[in-house]
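The chain contents come next:
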Amino acid sequence: MTHPAPLHAPGETFQVTSLAQAGALLNFSYGARLLEQFLQPATASHAARAISEPANRVTYHVRKLTDCGLLRVAGHQGKRVLYVAAARTFHVPRTLVQLDQPLTLIEPVMREVTTTYAHAILDWQSRQGHPDASGDDLTVHLGRGAPEAEGDTGPFAPALRLRTVQLTPRQYRAAQDALNDLLTRLESDDTDDARTSTFVLMAFKGQLHLT
């Protein structure tokens, strides 16, 4: 149940009560990520630009979120509809989510991330003039600081960093917040040189290998 709130502002909490609501909310690309664009009244086209997704696809998912009550109409801007999130916090009963089978939520996302990253590497290699990377040396550098790379790797070179560190619970949260804040501050409005870029932040207690 949503706490009362003005039409132009999200409520504080929303209790998810159906499988349709849970599925829509937990959709990696068009659930909470999309709802976050409506913490203030906004149009579907504005949200599409904000998350760099096709407008028709975002409009479709906005309708789905509205139909199941996670988004609501906040007014109009000319002929365009303004939407606002139903709440800032959503509670999902355990019975509506297969929390004992996390791969049902994570595996499709990770498969898309891996595939897209691999294509980005191929695209970068092609732009460097060696689509099959033949004849290039592979350099492995140990330690925190790497020497300056020789030559220009060109813009938007794919990068993969893996670090395991010792952190307190407060430091763990602070690291996540700091990385998110950094990307928010760096986000550019310079459309001439700016390109859509994706950073995947994953964090979990423990090491990579569980054996």
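Owing to the predicted nature of the structure, the values given are computational and were not obtained by experimental measurement.

> Just checking my understanding: could you explain the overall build of the protein chain for this structure?
Each helix and strand counted, the protein chain has six helices and four strands in total. Going from N to C terminus, the protein chain has its helices and strands arranged as β-α-α-α-α-β-β-β-α-α. In the protein chain, which comprises 211 residues, the share counted as buried stands at 21%. The contacts in the protein chain between residues at least 6 apart in sequence include a share of 63% that link residues at least 24 apart.

> It is not clear to me how unusual backbone geometry should be interpreted in this structure. Could you clarify?
Glycine aside, a negative phi is what most residues show, and trans is what most peptide bonds show. Of note, the phi angle at Ser52 is positive, near 55°, even though the residue is not glycine. On the secondary structure map, Ser52 appears in the loop between helix H3 (44-51) and helix H4 (55-67).

> Would you mind going over the side chain of Thr43 with me for this structure?
Topologically, Thr43 is positioned in the loop between helix H2 (32-35) and H3. Of note is the side chain of Thr43, whose polar atom sits 3.1 Å from the side chain of Ser45. A distance of 3.1 Å separates the side chain of Thr43 from the backbone nitrogen of His46, its partner in a polar contact.

> How do you make sense of the confidence of the model for the protein chain when you look at a structure like this?
Regions with low pLDDT carry predicted coordinates that are not meant to be interpreted in detail. For the protein chain, per-residue confidence averages 82 on the pLDDT scale, and residues scoring 70 or more make up 80% of the total. Summarising per-element confidence for the protein chain, the mean pLDDT is lowest in helix H5 (residues 103-127) (81) and highest in H4 (96). This model gives residues 1-6 a pLDDT under 50, and the stretch forms 14 contacts once residues within four places in sequence are excluded.

> Any chance you could explain the pattern of salt bridges here in plain terms?
Side chains bearing opposite charge may pair, as long as their charged atoms lie close to each other. Tallying each qualifying case throughout the model produces three salt bridges. Between Arg33 and Glu53 there is a salt bridge, with the nearest N and O atoms lying 3.5 Å from each other. Highlighted residues: Arg33 in helix H2 and Glu53 in the loop between H3 and H4, separated in sequence by 20 residues. Note that Arg57 is salt-bridged to Glu53, the shortest N-O span being 3.8 Å. Salt bridges sharing partners connect three or more residues here, namely Arg33, Glu53 and Arg57.

> I'm lost on the packing of aromatic side chains in this one. Help?
Aromatic ring pairs: the centre-centre distance and the angle between the two ring planes describe each pair. Applying the stated criterion across every chain, the model contains two aromatic pairs. Residues Phe14 and Phe90 carry aromatic rings whose centres are separated by 5.6 Å and whose planes lie at 50° to one another, so their mutual orientation is tilted. A residue pair is termed long-range when its members are at least 10 positions apart, and Phe14 in strand E1 (residues 11-15) and Phe90 in strand E4 (residues 87-91) qualify at 76 residues. Take Phe14 and Phe90: they sit in the same class, and that class is buried. Considering the side-chain rings of Phe38 and Tyr83, the 6.2 Å spacing of their centres and the 80° angle between planes classify their relative orientation as edge-to-face. Here Tyr83 lies in strand E3 (residues 80-85) and Phe38 lies in the loop between H2 and H3, a separation of 45 residues in the sequence. You can call Phe38 buried: its relative accessible area is 0%. For Tyr83, a relative accessible area of 14% gives the class buried.

Rules of the game
- Residues numbered from 1 in each chain as written.
- Predicted model: local features only at pLDDT ≥ 70, side-chain atom pairs only at ≥ 80, totals over all residues.
- Heavy atoms only, no water.
- Helix = DSSP H or I, 4+ residues; strand = E, 2+ residues; numbered from the N terminus.
- Buried < 20%, exposed > 50% of the residue type's maximum accessible area, 1.4 Å probe, protein only.
- Contact = heavy atoms within 4.5 Å.
- Polar contact = N/O pair within 3.5 Å; in protein donor to acceptor, adjacent residues only side chain to side chain.
- pLDDT = per-residue confidence, 0-100.
- Salt bridge = Lys/Arg side-chain N within 4 Å of Asp/Glu carboxyl O.
- Phe/Tyr/Trp six-rings, centres within 6.5 Å; stacked < 30°, edge-to-face > 60°.

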